[in-house]
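The primary structure of each chain is shown beneath.
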Amino acid sequence: PYLDYLPTSPEQLAAVGPLLDQPWLMDDLEGRATSFAIQQIVPEHLRSVSVRREEHLRKTMQQVHQRLTQEIMYWDNYANRLQGQEDAGKRRGGISANGSRSHRHISRHANEHAQGSVYK
């Protein structure tokens, strides 16, 4: 990007010379820049990042809750269907109604854990 720059002419150096000798340029300029960044730039950046991350976490937790609720509903319906088949004497092997209820219990426990999460 600097290939088209020309060297500084003596006239240009003479024009900016007094500006380059300003006391604020000589007095720990890097420390002043760092202090400004810490006091002004970093807090605002932290706020903007926090807002984005919190929104992302909220959406993720909402999707996890929705997915686990769907799992609970699926296993509830499946257990009821199996129980109906067992009551009618039509079941032959495979998962039992009690087995499907244990899947539902695991999903429900995970859902409750997700709702109590610190990211909520």
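All of the points below concern the structure found in this document. Here, residues in each chain are numbered from 1, in the same order as that chain's written sequence. Local features in this predicted model are restricted to residues of pLDDT 70 or higher, and side-chain atom pairs are both shown and tallied only at a pLDDT of 80 or more, whereas totals for entire chains, interfaces and linings draw on every residue. The side-chain values count all of the structure's non-hydrogen atoms but skip hydrogen atoms and water molecules.

**Some thoughts on the overall build of the protein chain**
Turning to step 1, where the next piece is worked out: In this text, helices come from DSSP runs of H or I with a minimum length of four residues, and strands from runs of E with a minimum of two, each type numbered from the N-terminal end. Broken down by element type, the protein chain carries 4 helices and 0 strands.
Turning to step 2, where the next piece is worked out: Counted from the first residue to the last, the protein chain has its helices and strands arranged as α-α-α-α.
Turning to step 3, where the next piece is worked out: For the protein chain, buried positions account for 12% of its 120 residues.
Turning to step 4, where the next piece is worked out: Residue burial considers only the protein chains on display, and all accessible areas are found by Shrake-Rupley using a 1.4 Å probe. Surface accessibility of the protein chain: about 10,100 Å² in total, with carbon and sulfur atoms responsible for 57%. A 1.4 Å probe rolled over the protein chains alone gives each residue an accessible area, and that area as a share of the maximum for its type sets the label: buried under 20%, exposed over 50%, partly exposed in between.

**Details of helix α3 (residues 29-87)**
Turning to step 1, where the next piece is worked out: What a helix is expected to span follows from its residue count: subtract one and scale by 1.5 Å. Across its 59 residues, α3 extends 83 Å between first and last C-alpha, which sits within 8% of the 87 Å expected from 1.5 Å per residue.
Turning to step 2, where the next piece is worked out: At Ala 37, α3 shows its maximal bend, which comes to roughly 40°.
Turning to step 3, where the next piece is worked out: Turning to α3, its buried residues are Met 61, Leu 68, Ile 72, Trp 75, Tyr 78, Ala 79 and Leu 82.
Turning to step 4, where the next piece is worked out: Where α3 terminates, the next one or two residues include Gly 89, which has phi positive at roughly 75°. The bend at a residue is defined as the angle formed between two axes, one fitted to the seven residues ending at that residue and one fitted to the seven starting there.

**Points about a nonpolar patch on the surface**
Turning to step 1, where the next piece is worked out: Judged by side-chain polarity, Leu 13, Val 16, Leu 19 and Leu 20 come together as a nonpolar surface patch covering roughly 360 Å² of accessible area.
Turning to step 2, where the next piece is worked out: Topologically, Leu 20 is positioned in helix α1 (residues 10-20). Note that patches include only residues with greater than 30% relative accessible area and no salt bridge, and the join distances are 9 Å for like charges and 5 Å for nonpolar side chains (Val, Leu, Ile, Met, Phe, Trp, Tyr). Here, a salt bridge means any side-chain nitrogen of Lys or Arg that lies within 4 Å of a carboxyl oxygen of Asp or Glu.

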